[in-house]
Structures are given as structure tokens and as C-alpha cells.
Amino acid sequence: MSEKKVIPYKIYLEESELPKTWYNVRADMKNKPAPLLNPGTLQPMTAADLAPVFCDELIRQELDNDTREYPIPQEIQDFYKMYRPSPLVRAYCLEQKLQTPAKIYYKFEGNNTSGSHKLNSAIAQAYYAKKQGLKGVTTETGAGQWGTALSMACSYFELDCKVYMVKVSYEQKPFRREVMRTYGASVVPSPSDTTAVGRKILEQFPGTTGSLGCAISEAVEVAVSNPGYRYVLGSVLNQVLLHQSVIGVEAKIAMDKYGVKPDMIIGCAGGGSNLGGLIAPFMGEKLRGEADYQIIAVEPASCPSFTRGRFAYDFCDTGMVCPMAKMYTLGSGFIPAPNHAGGLRYHGMSSILSQLYHDGYMEARAVEQTKVFEAAEQFARVEGILPAPESSHAIRVAIDEALRCKETGEEKTILFGLTGTGYFDMVAYEKYHDGLMTDYIPTDADLEKGFAGIPKIDL
Ligand SMILES: *Cc1c(COP(=O)(O)O)cnc(C)c1O
């Protein structure tokens, strides 16, 4: 018999209640995400194919569709304890402001120096790199949260860290760069002339403000051409969703403790890691037929991979040096307008989420930027936290759904992922306040240009 408990503003977990395992949702998927393909042979990438690029243990996790639970190594659990559990907050103040009968909860991942959930996977990836005896790792960063998280993780394990930062962010967010350098990372604006692929992109698109796809190509090139280095990625990959499952597992333990079951789970989706992590154990129940949840991915209307993209094998990077993944994609040549979708600017989407979306287990919505900032401000004013623009995509839809409940009188329980804080995004907030923010929505013709670059392969 479960008695009804009063829900506190913040549901914390005791140290003894913290997750000891990550949950691998692939184990419960009937249709597994399609394997990464070797772009040369179109055969599935083997562990040996991937070994020059990625760390060995991470490759094992990437290719493992069967193991349901992964024990979290003790060193990683110990690091997690410095900033986890992340707060699960009942948004009483927001509910009251909206006068909604909905019950709103958010899982706040911004309470660490990276300002986002990215540290959950960064610390895991750095740990496995160190264990393999590597000298360092290379990566790309878009808005800067991943680069910061990885810099923190690398300094903790004394690894060298080379970050290729999308040029538009490098210029808009000089302080992010300094945070990374504080943790000992070297930061290069991408595209750069330090790599062959960067020089080629600069020649083809002079004056380009860069994209995650370009920066990935550069970081991979540096990793494979320097002994003792591997490349690490902060989103999209199966291994990253595995590590990020700590968000959902924690949220579920906390909600179960109070007998709360969300009707609806909402998260922003760039490459899909926070959403994939938040929904993981809930999706597991859904896949096993034990429970049902409405799951909504929210993406920017300026970079609409799910809502307007194609489900196809595509390159993961602009330089086409990475394996191909089957995903919802806008084409690896798609470079979104330089607006402020920040960390949600990637052309593709996690293969796991793509498959789940394709199979009807989740839905997706695209939202416009000014509407996102309107929600961000509304949230900041009542809940106190100044949200990242990325996170505010989820806030937008959570508020929309809460307002819908107000109309219908439904008392739905909404859980959304508040992935981070927006202190480094004040240029974007400034544009919004000054009425200078625009809602760029690509035309069908714009998208066709990106689709034209999707390889035509029959499998
Ligand atoms: C990177 C980032 C995202 C988007 O990445 P996902 O892999 O889709 O989670 C969202 N919010 C914040 C704060 C981020 O740093």
C-alpha cells in the first residue's frame, strides 16, 4: 500500500540510493538501432575498424545492443557524488504562475561548472581513456558545454585535451574558452588551418562560421594522426546515451520514492543524449509493455532533424571521415543559419532515438527561437534558474502542455529535462531583449540542398 506523501520542492536522494548502474535501452528494443557503417565498404564497423578513432571500452559499449545494465565504475561513481544527484524539482512556482492543474517536475543538470549534463559522459569517457593508458583526447564543441565538461574530466584524470570549437561560438563565447583553458585544454576555432579537412572546408566555404560537422572532422583527423590520442564525442553515440541514462535512472528512483509517475516526458534534442538519458528507464518500461509514457523531443525550427529530416544512412561529419549512421538527418552538408540554437545545431540525431521515433515510441516538435526565449524568461522569473537556450526548448513545450491542461482541466504529470544554465548565452538573451532575435526557418529548398548530400545507398 503506498500512502500519499507530500512532494517537497526538491526530491533528493541519499548517497546510498544513487544509481550504481547505467541502463542500456538497446537491450529492450526489438528493432535495434542500425549499425554504424564503414563508408568505404558499406559493411558494419567492427571493433577493429573503430579502434584507431575511439577508446576500446567505449567501442565495446557502442556495439553492445544486448547488455541491459552496466555497472558504473567506482571512480566514476565517486566523481558523480561531487555534483550528483542532480536536483529533481517540483516546479510549484511555475505551476502557480501558469494557474495550471498540471504537476510539473524538472531534472536540473546545470549544477556543475560545465553548466550542463555533458559532464556525466565526459567523466566516463576520460576514465576509459586513462584506463587504456592514452596521452589525451580530441573533440569538438559547439556551444561550449561539452568542451568544458571534457576539459574538467581530462584535468581530473590528467589527460591532454584538444578542443575544436565551432567558430561562431568561439567568437560569441570567449569566456567559455577561458573556462576550458583554466582546466588545461587547448581550444582551436573550427574550421581551422591546423587540419587538412579544415583547410578544405575553408577553401570551399570561405567565411563560414563553422558547424559541429566540420569540427568533428577536424578533431577526428587530429586523433587518428597523433599516437596515444583518441577522439571522443559528447552526444549522438550509443555510448553517450548509455552514460546519460544516469539522469533518467536517478529521476525514476526519486519519483518512485514518492509514488509519482509522469504522464509526459519532454526534453530538448540536439544529438539526443540528454533526452535519451532522461527517458531511458521509462522507455524501457514502455518497450517491455509495463507502462506507457508520452515522450516528446523538442528541436529548434532552424535545425529540424526529426520533424523535417530524412531517416537514412548519412555521414556524421562534414568532412565524411567518420562512419555513417542511420538517423534522422538534414544532410551532413547542412549548415544551420548562425542563430542561437547553440548546442542543438547538429544535422543528425542519435540512432537509438531515431529508431524509437521511427517506430512510434516518441514524438517530436519543432519550436521557434523567440518563443523559446519567451519561455526561458518566464521560467527564470519564477523558478530562479537562468536556463540555457537549449534547455528552454523543453521549457517551451512543458509550458505549452501545462497551459493545455489548464484548458482541459487535466491534471497531467509532466517531467522535463532542464539540461543547463545560460550564463554564457547572454548575447542571445540580449538580442531577445532588444527585439533583434529572428526566427529563421529553413525553406524546403534550403533543406533540399542538405538532402542532396545524403549518400544514396540501398541496403
Ligand atoms: C549539448 C546540450 C544540449 C543538447 O545535446 P543533447 O545531446 O541533445 O542532449 C542540450 N542542452 C544543453 C545545456 C547542452 O549543453
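Residues numbered from 1 in each chain as written. Predicted model: local features only at pLDDT ≥ 70, side-chain atom pairs only at ≥ 80, totals over all residues. Heavy atoms only, no water.

(A) Spatial organisation of the side chain of D425. Summarising the element assignment, D425 is placed in the loop between β15 (413–418) and α17 (426–433). Given the relative accessible area of 7%, D425 is considered buried. In this view, D425 contacts K173 and P389; residues no more than four positions away in its chain are not counted. (Helix = DSSP H or I, 4+ residues; strand = E, 2+ residues; numbered from the N terminus. Buried < 20%, exposed > 50% of the residue type's maximum accessible area, 1.4 Å probe, protein only. Contact = heavy atoms within 4.5 Å.)

(B) Spatial organisation of the side chain of R26. Along the chain, the position of R26 falls in the loop between β2 (21–23) and α1 (47–50). The side chain of R26 is buried and forms no salt bridge, while E62, the nearest opposite charge, is found at 5.7 Å. A distance of 2.9 Å separates a polar side-chain atom of R26 from the backbone oxygen of Q61. Residue contacts for R26: discarding those within four places in its chain leaves K32, P33, Q61, E62, L63, D64, N65, N238 and I352. (Lys, Arg positive; Asp, Glu negative; His and termini not counted. Salt bridge = Lys/Arg side-chain N within 4 Å of Asp/Glu carboxyl O. Polar contact = N/O pair within 3.5 Å; in protein donor to acceptor, adjacent residues only side chain to side chain.)

(C) Spotlight on helix α9 (residues 196–204). Along α9, the residues that are buried comprise V197, G198 and I201. One side of α9 carries all its buried residues, which in axial view fall inside an arc of 100°. In α9, those exposed residues whose orientation departs by more than 90 degrees from the buried face are K200 and E203. Residues of α9 that are buried in the fold lie against α10 (212–224). (Arc of directions from axis to C-beta.)

(D) Representation of the pairing of strand β10 (residues 264–268). Of all five residues in β10, five are buried; the element is thus mostly enclosed. Where burial is concerned, the two faces of β10 agree: the one with M264, I266 and C268 and the one with I265 and G267 are both buried. Looking at chain direction, β10 and strand β11 (residues 294–300) are connected through five bridges and run parallel. Bridged to M264 within β11 is Q294. Handedness of the β10-helix α12 (residues 273–287)-β11 crossover: right-handed. In this structure, β10 lies alongside β15, joined through three bridges in parallel fashion. From the neighbouring strand, M264 faces β15, where its bridge partner is I414. (Pairing = 2+ DSSP bridges. Right-handed = clockwise from strand over helix to strand, strands pointing away.)

(E) How the structure looks around the pattern of salt bridges. Across all of its chains, the model carries 27 salt bridges by this definition. For E363, the salt bridge goes to R365, with nearest N and O atoms at 3.6 Å. We note a salt bridge from R396 to D400, for which the minimum N-O separation is 2.9 Å. With R396 and D400 both in helix α16 (residues 389–408), this residue pair falls four residues apart, about one helical turn. Among the residues examined, D400 registers a relative accessible area of 31% and is labelled partly exposed. One salt-bridge network, held together by shared partners, links D28, R68, R288 and E290.

(F) Looking closely at the site of the ligand. In the vicinity of the ligand, 18 residues are found, and the nearest of them are K118, S235, G270, S273 and T419. For the ligand, an oxygen atom lies 3.1 Å from a polar atom in the side chain of H117. S273 has a polar side-chain atom sitting 2.7 Å from an oxygen atom of the ligand. Expressed as a share of its isolated accessible area of 380 Å², the protein-covered part of the ligand is 98%. Its residues assigned to classes, the shell around the ligand comprises four nonpolar, 12 polar and two charged. (Near = heavy atom within 4 Å. Areas by Shrake-Rupley, 256 points an atom, 1.4 Å probe, with all protein chains shown as cover. Nonpolar A, V, L, I, M, F, W, Y, C, P; charged D, E, K, R; others polar.)

(G) Molecular detail of the packing of aromatic side chains. The final tally for this structure, using the stated rule, is 18 aromatic pairs. For the pair Y156 and F157, a centre-to-centre distance of 5.0 Å together with 80° between the ring planes defines the contact as edge-to-face. Judged by relative accessible area, Y156 falls into the partly exposed class, the value being 41%. Three or more aromatic residues link up through ring pairs in this structure, and these residues are F79, Y80, Y83, Y127, Y128, Y156 and F157. One cation-aromatic arrangement involves K261 over Y293; the distance from NZ or CZ to the ring centre is 4.7 Å. A cation over a ring is seen here: R310 above F451, with NZ or CZ 3.9 Å from the ring centre. (Phe/Tyr/Trp six-rings, centres within 6.5 Å; stacked < 30°, edge-to-face > 60°. Lys NZ or Arg CZ within 6 Å of the ring centre and 35° of its normal.)

Geometry only, nothing functional implied.
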